[in-house]
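Breakdown of the fold
What follows is each chain in one-letter form.
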Amino acid sequence: MMEEKEVRVSKQHVWVGGEDRHVHVGVTNYVQAALGKVISVELPDIGDPIEEGEIFAEIESVSTVHEFVSPISGKVLAVNPQLEDHPAIINEDPYSEGWLIEVRLKNDAELDALMGMDEYYHFVFKDKA
């Protein structure tokens, strides 16, 4: 669904990708690897509003529970149906099959504040070089 190069990424390791105002939202490969095997996901319901800067998802792995902050505002159009029965798909394919929610953006200018993938890799690995 999403190519890594097409997505924009927040400093909280949440990616946003899509065209026009319909976007998919998920977590990056870096953060899913740090979490370990995902065992459950709590997401908003279809029709719910999400707000930039507010928690929109909770992902539980075998070792931790992590809350994710939304980098965008909008309305939830869809929730990935595969996650209920197979949450570890986030580990297997975080940029495609492992998307979390689909959103209609309220303000597409919010995407401009996010990093491209190259910038994100620099952000993640700058202290590890």
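Within each chain, residue numbers correspond to sequence positions counted from 1 in written order. Local features in a predicted model are, by the rule used here, given only for residues with pLDDT of at least 70; side-chain atom pairs are given and counted only at 80 or more, and totals for whole chains, interfaces and linings are based on all residues. Side-chain metrics in this entry use all non-hydrogen atoms of the structure; hydrogen atoms and water are not considered.

Take unusual backbone geometry next. With a phi angle near 70 degrees, H13 is a residue other than glycine that sits in the positive phi range. Each helix corresponds to a stretch of at least 4 residues labelled H or I by DSSP, and each strand to a stretch of at least 2 residues labelled E; elements are numbered beginning at the N terminus. Looking at the secondary structure, you find H13 in the loop between β1 (8-9) and β2 (14-19).

Read across the open sheet, the three strands follow the order β4-β6-β7; overall the sheet is antiparallel. Both outer strands of the open sheet, β4 (38-42) and β7 (65-69), are each paired with one neighbouring strand and no more. The sheet shows a mean angle of 20 degrees between the axes of neighbouring strands, direction not considered. Pairing between strands is defined by DSSP: at least two bridges between them are needed. Here strand β6 (residues 55-61) runs beside β7; their pairing, made up of five bridges, is antiparallel. Across the sheet, the residue bridging to A57 is F68, located in β7. Only C-alpha atoms enter the line fits that serve as axes; for helices the fit covers just the stretch in contact. Angles between N-to-C directions range over 0 to 180 degrees.

Relative to the helices and strands, Q32 resides in helix α1 (residues 29-35). Relative accessible area decides the class of each residue, using a 1.4 Å probe on protein chains only: under 20% of the type maximum gives buried, over 50% gives exposed, and in between gives partly exposed. Note on Q32: relative accessible area 8%, which makes it buried. Those residues within four positions of Q32 in sequence are excluded, and the remaining contacts are I90, N91 and P94. Whether two residues are in contact is decided by their heavy atoms, any of which lying within 4.5 Å being enough.

The next subject is the nonpolar core. Take the buried residues of types Ala, Val, Leu, Ile, Met, Phe, Trp, Tyr and Cys, join any two whose side-chain atoms come within 4.5 Å, and each joined set is a nonpolar core. V25, F56, I59, F68, I72, L100 and I101 are the most contacted members of the largest nonpolar core, which has 24 residues in total. Within the residue set of this core, elements represented by two or more residues are β2, β3 (22-27), α1, β6, α3 (89-92) and β9 (101-105). I59 has contacts with V27, L35, V38, S40, V41, T64, V65, H66, F68, I90 and L100, leaving out every residue within four places of it along the chain. In terms of nonpolar packing, the next biggest core, distinct from the first, is built from 10 residues, Y95, M115, M117 and V124 among them.

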